[in-house]
Amino acid sequence: MKRAVRVALGIAAAALLFLGGWWAASVVMESPDDPLASADPTLFTVDEGLVGRSLRFAAVAEWTFQDLARNATTGVVTSVGVAPGATISFGDVLYTVDLRPVAAAEGTVPAFRDMALRVEGEDVAQLQRLLAQLEFYQGEADGEFDSSTRGAVRAWQESLGVADDGVVRVGDIVFVPDLPARVVLSEDVKVGATLVGGELAVRRVSAEVRFWIPLSPEQRNLVPLSASVMVTHGQGVWEATIVEAIEDEAQGELRLILESRDGGSVCGSECGEVSLEGQTSFPSEIVVVPETTGPVVPVAAIETLPDGGTVVTADDGSQIPVDILAAADGLAVVDGLEVGDVIMLPVESDES
């Protein structure tokens, strides 16, 4: 009897061990669920928004100059009569040397000699035209320094407060090709400086200010040449466009040359804000993506089809064609959706 009980217990234990092993094996061998197949899709509700992107740089502005005339007298500069950027005309006193005025006149022949009675030449004709502009001379500009020219010179000298001897000394006039002209005096012509003759005296200021944005090699691929530019100045904003890109090998940079949207200098009628000495910097923004308002979706929700079209997936699984109007920083304004529409975002994989 006892032996029969022991046999029965052994059989029961063996059965339990077999069932436990089978359950464990079935658990180990069962395939886990596919996380992508079981994950719920992420839904996104379309809302009204604004998309745009700008890059900040410093715009450089600089006047350019043309050498206009040289000094022909010697001595110490005792005064300067022209402010930087001033417009000079016939007879204006540019500076004084040893208290003697040096005046502006129009002409292509530079001052090279004293002009007095019986001297002839184109320089004399230029002098006669100056005296006529100042209403001291009524004769013909024939290039002959006659008595009537001498009388006109003496009247002019008297108006300047110098000895009216009727002789125009070589350094009394600086001839420039045309007047009026906007000018600056050279660095050599300043009060206290000693002039020996031959120094550059007058430079013409360019009609327009040149604007550019310098880009380093790392920055040049960030900016499309079709982008618009907003230059901030003291009174507001100048709107500009990029008209040219010039490689400056000496500086190791690419210069984006700017003009106003209507053409011409960026600063228009407000170029007085640009210093005539050296370069002036202005904060600027290059509009890479113009600000656009409309239905906004994540860029990741947009799928490109083989034919080049773009679609998003609606919450019911259907595809909705959309046109991308603007995209920046992971968001896009699209045409084809309405505010309140619900779309699906692609499920992100946890695989690295």
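Calculation criteria
Residues numbered from 1 in each chain as written. Predicted model: local features only at pLDDT ≥ 70, side-chain atom pairs only at ≥ 80, totals over all residues. Heavy atoms only, no water. 1 Å grid on protein atoms, 1.4 Å probe; cavity = no way out; pocket = protein on both sides within 12 Å on 5 of 7 lines; lining within 4 Å. Points joined across faces, edges and corners; volume = space filled by probe spheres on them. Helix = DSSP H or I, 4+ residues; strand = E, 2+ residues; numbered from the N terminus. Nonpolar A, V, L, I, M, F, W, Y, C, P; charged D, E, K, R; others polar. Core = buried A, V, L, I, M, F, W, Y, C linked by side-chain atoms within 4.5 Å. Buried < 20%, exposed > 50% of the residue type's maximum accessible area, 1.4 Å probe, protein only. Contact = heavy atoms within 4.5 Å. Pairing = 2+ DSSP bridges. Expected span 1.5 Å × (residues − 1). Arc of directions from axis to C-beta. pLDDT = per-residue confidence, 0-100. Salt bridge = Lys/Arg side-chain N within 4 Å of Asp/Glu carboxyl O. Axes fitted to C-alpha atoms, helices over the stretch in contact; angles between N-to-C directions. Parallel < 35°, antiparallel > 145°, perpendicular 65-115°, else oblique. Left-handed = near helix turned anticlockwise from the far one by under 90°.

**A short note on empty space enclosed by the protein**
Next up, step 1: Under the criterion given, the structure shown has one cavity of 30 Å³ or more.
Next up, step 2: Taken as a whole, the largest cavity spans an internal volume of roughly 60 Å³.
Next up, step 3: Lining the largest cavity, in full, are Arg100, Pro101, Val102, Ala103, Trp156, Gln157, Leu160, Val162 and Asp172.
Next up, step 4: Of all the secondary structure elements, the ones that give two or more residues to the lining of the largest cavity are strand S7 (100-106) and helix H4 (147-160).
Next up, step 5: Sort the elements by how many residues they give to the lining of the largest cavity and S7 lands first, with four residues.
Next up, step 6: When grouped by side-chain class, the residues that make up the lining of the largest cavity number six nonpolar, one polar and two charged.

**Quick notes on the nonpolar core**
Next up, step 1: Core analysis: the biggest nonpolar cluster contains 38 residues, and Leu94, Tyr95, Leu127 and Val202 have the highest contact counts within it.
Next up, step 2: Elements with a minimum of two residues in this core: strand S3 (65-70), strand S6 (93-97), S7, helix H3 (122-133), H4, strand S8 (173-176), strand S9 (181-185) and strand S11 (200-205).
Next up, step 3: With residues near it in sequence (within four places) discarded, Val202 still touches Gln66, Asp67, Leu68, Ala69, Leu94, Val174, Val183, Val184 and Leu185.
Next up, step 4: Core analysis: the second largest hydrophobic core is formed by 35 residues, Val209, Ala227, Leu256 and Val289 among them.

**A short note on the environment of Ala141**
Next up, step 1: Mapped onto the elements, Ala141 comes out in the loop between H3 and H4.
Next up, step 2: For the pair formed by Ala141 and Ala125, sequence separation is 16 residues and the distance between their alpha carbons is 4.9 Å.

**A look at the sheet that holds S3**
Hydrogen bonds along the backbone pair up the strands of a sheet, which may run parallel or antiparallel.
Next up, step 1: The strand order across the open sheet built from four strands is S3-S11-S9-S5, with neighbouring strands paired in antiparallel fashion. Strands at the two margins of the open sheet, each flanked by one partner only, are S3 and strand S5 (87-88).
Next up, step 2: Pairing of S3 with S11 involves five bridges; the strand directions are antiparallel. Bridged to Asp67 within S11 is Arg203.

**Quick notes on H4**
Next up, step 1: Taking 1.5 Å of rise per residue, 14 residues should cover 20 Å, and H4 covers 20 Å from first to last C-alpha, within 8% of that figure.
Next up, step 2: Residues of H4 that are buried: Thr149, Ala152, Val153, Trp156 and Gln157. One face of H4 carries all of its buried residues, which in axial projection span an arc of 140°. Away from the buried face of H4 by more than 90 degrees, exposed residues Ser147 and Glu158 are located.
Next up, step 3: In the core, the buried residues of H4 are packed alongside S7, H3 and S8.
Next up, step 4: Positioned one or two residues after H4, Gly161 has a phi angle of 85°, which is positive.

**Details of the confidence of the model for the protein**
Next up, step 1: Chain-level statistics for the protein give a pLDDT mean of 88 and a share of 88% at 70 or above.
Next up, step 2: Low pLDDT (under 50) marks residues 1-32, which in the prediction has zero contacts with non-local residues, meaning those over four places away or in another chain.
Next up, step 3: Contacts from residues 34-38, a stretch scored under 50 in pLDDT, to residues over four places away or in other chains number three contacts.

**What to know about the pattern of salt bridges**
Next up, step 1: Across all of its chains, the model carries 12 salt bridges by this definition.
Next up, step 2: Asp123 is the salt-bridge partner of Arg113, the closest N and O atoms lying 2.8 Å from each other. Of this pair, Arg113 sits in the loop between S7 and H3 while Asp123 sits in helix H3, and the two are 10 residues apart along the sequence.
Next up, step 3: Between Arg220 and Glu247 there is a salt bridge; the shortest N-O distance is 3.1 Å. You can see Arg220 sitting in the loop between strand S12 (210-215) and strand S13 (228-233) and its partner Glu247 sitting in strand S14 (residues 236-248), a full 27 residues away along the chain.
Next up, step 4: Owing to a relative accessible area of 44%, Glu247 belongs among the partly exposed residues under this scheme.
Next up, step 5: Put simply, Asp248, Glu253 and Arg255 are held in one network by salt bridges that share partners.

**Regarding the packing of H3 against H4**
Next up, step 1: Between H3 and H4, whose axes approach to 10 Å, the crossing angle comes to 55°. Overall, the two elements H3 and H4 adopt an arrangement that is oblique. Seen along the crossing, H3 lies across H4 with a hand that is left-handed. Between H3, through Leu127, Gln128, Leu130 and Leu131, and H4, the contact on the second element is made entirely by Thr149, Ala152, Val153 and Trp156.

**A closer look at the layout of surface pockets**
Taking a probe equal in size to a water molecule and rolling it over the atoms shows the remaining empty space.
Next up, step 1: By volume, the largest pocket amounts to about 350 Å³.
Next up, step 2: If you trace the largest pocket, you find 14 residues lining it, with Val184, Leu185, Ser186, Glu187 and Glu277 closest to the centre.
Next up, step 3: Taken together, the residues of the lining of the largest pocket sort by class into eight nonpolar, two polar and four charged.

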